[in-house]
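One letter stands for each residue in the lines below.
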Amino acid sequence: MYRTVVNRILLTKNTGGGRRCLLRFPDLRTAVSSSRFSTTTEPQTFPNRPLNPADSSTSSSSTSFQTSSAAGDIPRQERKNPRAEYQGEQARVLQASLRHVLRLGWSEEAMIAGAKEVGISPSIVGSFPRKEAALVEVLLGLNKFFMDDCLQRLIDRIDSGEELQDLIPSQCIYKLVRFRLEMQAPYISKWPQALSIQAHPLNVSTSFKQRAMLVDEIWHAAGDEASDLDWYVKRTVLGGIYSTTEIYMLTDSSPEFRDTWLFLDNRVKDAFDLKKTIQEATYLAEAVGAGMGSSLQGFVGKVIQR
Amino acid sequence: MVGKVFSNVASNYDLMNDFMSGGLHRLWKDRLVSKLSPFPGMKHLDVAGGTGDVAFRILESVNSIKRRALQDPLNDDLQEETRIYVCDINPNMLDVGKNRALEKGLGEDKSLVWVQGDAEALSFEDNSMDGYTIAFGIRNVTHIEKVLSEAYRVLKRGGRFLCLELSHVDIPVFKELYDFYSFSVIPRLGEIVAGDRESYQYLVESIRRFPPQEKFASMIADAGFQKVEYENLVGGVVAIHSGLKI
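Values in this document were obtained by computation on a predicted structure and should not be read as measured data.

The rules behind the values
Residues numbered from 1 in each chain as written. Chains lettered and ligands numbered in written order. Predicted model: local features only at pLDDT ≥ 70, side-chain atom pairs only at ≥ 80, totals over all residues. Heavy atoms only, no water. Helix = DSSP H or I, 4+ residues; strand = E, 2+ residues; numbered from the N terminus. Buried < 20%, exposed > 50% of the residue type's maximum accessible area, 1.4 Å probe, protein only. Contact = heavy atoms within 4.5 Å. Areas by Shrake-Rupley, 256 points an atom, 1.4 Å probe, with all protein chains shown as cover. 1 Å grid on protein atoms, 1.4 Å probe; cavity = no way out; pocket = protein on both sides within 12 Å on 5 of 7 lines; lining within 4 Å. Points joined across faces, edges and corners; volume = space filled by probe spheres on them. Nonpolar A, V, L, I, M, F, W, Y, C, P; charged D, E, K, R; others polar. Phe/Tyr/Trp six-rings, centres within 6.5 Å; stacked < 30°, edge-to-face > 60°. Lys NZ or Arg CZ within 6 Å of the ring centre and 35° of its normal. Right-handed = clockwise from strand over helix to strand, strands pointing away. Pairing = 2+ DSSP bridges. UniProt positions renumbered as here; feature names shortened; annotations may be inferred. Polar contact = N/O pair within 3.5 Å; in protein donor to acceptor, adjacent residues only side chain to side chain. pLDDT = per-residue confidence, 0-100. Salt bridge = Lys/Arg side-chain N within 4 Å of Asp/Glu carboxyl O. Bend = angle between axes of the 7 residues up to and from the residue. Domains from an automatic or database assignment.

## With respect to the overall build of chain B
Along its length, chain B carries ten helices and seven strands. Scored against the burial criterion, the 246 residues of chain B give a buried share of 57%. Once local pairs closer than 6 in sequence are excluded, the contacts in chain B between residues at least 24 apart make up 76%. With an accessible surface of roughly 10,300 Å², chain B has 55% of that area assigned to carbon and sulfur atoms.

Structure (structure tokens):
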């Protein structure tokens, strides 16, 4: 199951300082970045992080510098409090940058503007993990931050929304997908750029994971109990619905995306109908098979008997 | 001693760099500047950058960004504000740098400012720089901690410290080859090309005396920087250390 216990622990524990989703930021990032020696240790939020062997791999020519967190933990933690952690500052910059995305696109300029707004030197943009000076990596950071943020808000909504349990699955799914897509509505003019960033080969694995988590969350909230092949089918189908609706939204100019929601509703209905249709088709095939099987057996029996 | 070394080598500095590193030093400096990711309107300080290699690269990078973002009227004003200060303790190195700037046609460019000064006691104000680089210079200072704390002082919040330096190699066979190259080939090259064996002998010894990567990273962290990382190039022959001031 994607939505693992560990994830839950990370989510519930990160109610403290700093944005939750950014503290998951290094989680999904793999060993592309050389790693971190930080003067601030966060043993409680990254139970396995500092000792993750992936971080110290030398697949590129970089090597990591690990802190020996055993000794000196306590004095370091005292030193951490008066000083703002750099992750918190990075999160603030990213948050501010989102406000400039509409004007400047998902670009470095947006991040520089965000940094200036927060009152931090734009040099910090250079410290976001990037590989081989690829601009896209930095953009990925901003986009990923946004996607994680949206996922987080969705989870919050699910957790707080009591009325979801009363709805039948198809309506529940409709509501959640709509809620999630509405988060993207303010950025819709620059969303094609965001999609192209997500489709970039460097980012494909990250965006795939994000999508998978999203789809898993929605199904989970809709009360899914399946654990066999059905699990994959359900998520694939929902992934398809989500993607097509997202793309439909890009060219939708109706007020408040009414056409999009209509489209979504139809697709959800189709999917559920399809499920019923497949079930019926299976029964039909079984029945035909049974019928044919017995008549075939009879025929073969007669032939052999002769 | 250091002063004499650099007065002697100043005129042949770039040539010797090319010989000793097989031209690789250009790539290393490119990598340093790309890690910095300069932006228009930046105030940058390049310490011990006498002949201007890093400074020119930063300027080119900023100008190319500007050309890309030509549509944005805001950036034109910012472009005027970019300042790259090249600080070096040795006036001969600065002269070489100024001449190179003239050759590149950057003589009139007011973005480049050549300053003579001591890395351990900078004449710049607190919180005034967006970026600080020191390429192949920190090996030669007397008190590394002072340089680091001066760097911390002049950087703004969010500013980055980047240091490119020759460092320690640990890979078994390569280490022996590198040692042989350093102690036998380089002083000889120095003698032939620059007519100065001692300076290059000093160079090679100073590399060995310099703290290894991890120790240096912890020194940077002690000066107050966060997110201290290092990246080895060519197996450790060169390392780029970076830190963030928050």
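What follows continues from the structure just given.
## Quick look at empty space enclosed by the protein
Residue and element names in this part refer to chain B. One pass over the full model with this rule turns up six cavities of 30 Å³ or more. Here the largest cavity is characterised by a volume of approximately 100 Å³. Along its surface, the largest cavity is lined by 13 residues, and A48, G49, T51, D53 and A135 are the ones closest to its centre. Split into classes, the residues belonging to the lining of the largest cavity amount to six nonpolar, four polar and three charged.

## A few points about the packing of aromatic side chains
How two aromatic rings sit relative to each other is given by the distance of their centres and the angle of their planes. Scanning the entire structure with this criterion turns up nine aromatic pairs over all chains. Among the aromatic residues, those joined into a ring-pair cluster are Y132, Y152, F161 and F225 of chain B. The aromatic ring of F263 of chain A is capped on one face by R267 of chain A, whose charged end is 4.7 Å from the ring centroid. The ring of Y152 of chain B has K245 of chain B lying over it, and the distance from NZ or CZ to the ring centre is 4.7 Å.

## Things to note about the pairing of strand β5 (residues 155-166) of chain B
Residue and element names in this part refer to chain B. β5 sits mainly inside the fold: ten of its twelve residues count as buried. Each parallel crossover has a hand, and the one from strand β4 (residues 129-135) via helix α7 (residues 144-154) to β5 is right-handed. Both β5 and strand β7 (residues 238-244) contribute to a ladder of seven bridges, which runs antiparallel. Along β7, the bridge assignment pairs R160 with L244.

## Some details on the environment of I138 of chain B
Take I138 of chain B: it is sitting in the loop between β4 and α7. Beyond its immediate stretch of four places on either side in the chain, I138 of chain B contacts I144, V147, L148, C163, E165, F210 and F216 of chain B.

## A look at the UniProt feature "binding site: S-adenosyl-L-methionine" (unreviewed entry) in chain B
Residues and elements named next belong to chain B. UniProt records the feature "binding site: S-adenosyl-L-methionine" (unreviewed entry) for T51, D88, D118 and A119 in the present numbering. Lining the largest cavity, from the residues named above, are T51. Tracing the sequence through the fold places D118 in the loop between β3 (112-116) and β4. For D118, a relative accessible area of 33% corresponds to the partly exposed category. Here E120 takes part through its backbone nitrogen, which lies 3.1 Å from a polar atom of the side chain of D118. Tracing the sequence through the fold places A119 in the loop between β3 and β4. Judged by relative accessible area, which is 9%, A119 ranks as buried. Apart from residues no more than four positions distant in its own chain, A119 is found in contact with V47, V147 and E150.

## Quick word on the confidence of the model for chain A
All names here are of chain A. Per-residue pLDDT for chain A averages 69, and the proportion of residues at 70 or more is 64%. When the criterion is pLDDT under 50, residues 1-83 qualifies, and its contacts beyond four places in sequence or with other chains add up to 137 contacts. With pLDDT under 50 throughout, residues 131-137 is counted as low confidence; its partners more than four residues away or in other chains account for 13 contacts.

## As for the pattern of salt bridges
All names here are of chain B. Inspection of the entire model under this criterion finds 25 salt bridges over all chains. Two residues, D53 and K29, come together in a salt bridge whose shortest N-O distance is 2.7 Å. Taken together, the residues span a long stretch of sequence, with D53 in helix α4 (residues 53-68) and K29 in helix α3 (residues 24-36) at a distance of 24 residues. Here E229 and K227 are joined by a salt bridge, their closest N and O atoms 3.4 Å apart. Each of the salt bridges in this network shares a partner with another, and the network as a whole consists of K29, D30, D53, R57 and R100.

## Some words on helix α5 (residues 86-104) of chain A
Residues and elements named next belong to chain A. Helix geometry: α5 is bent most strongly at L98, by close to 35°. The set of residues buried in α5 consists of Y86, Q87, E89, Q90, A91, V93, L94, A96, S97, L98, H100 and V101. G105 occupies a position one or two residues after α5 and carries a positive phi of about 75°.

## A word on the domain arrangement of chain A
The figure often quoted for interface size is the accessible area lost as the parts come together. All names here are of chain A. Split by domain assignment, chain A resolves into domain 1 (84-128) and domain 2 (132-305). Taken together, the contact between domain 1 and domain 2 spans 15 residues of the former and 17 residues of the latter. Between the two partners, domain 1 and domain 2, sit zero salt bridges. Our enumeration of links across domain 1 and domain 2 arrives at zero residue pairs in polar contact (both at pLDDT 80 or more). Going through the elements one at a time, α5 and α6 (108-118) are the ones with two or more residues in the side of domain 1 that touches domain 2.

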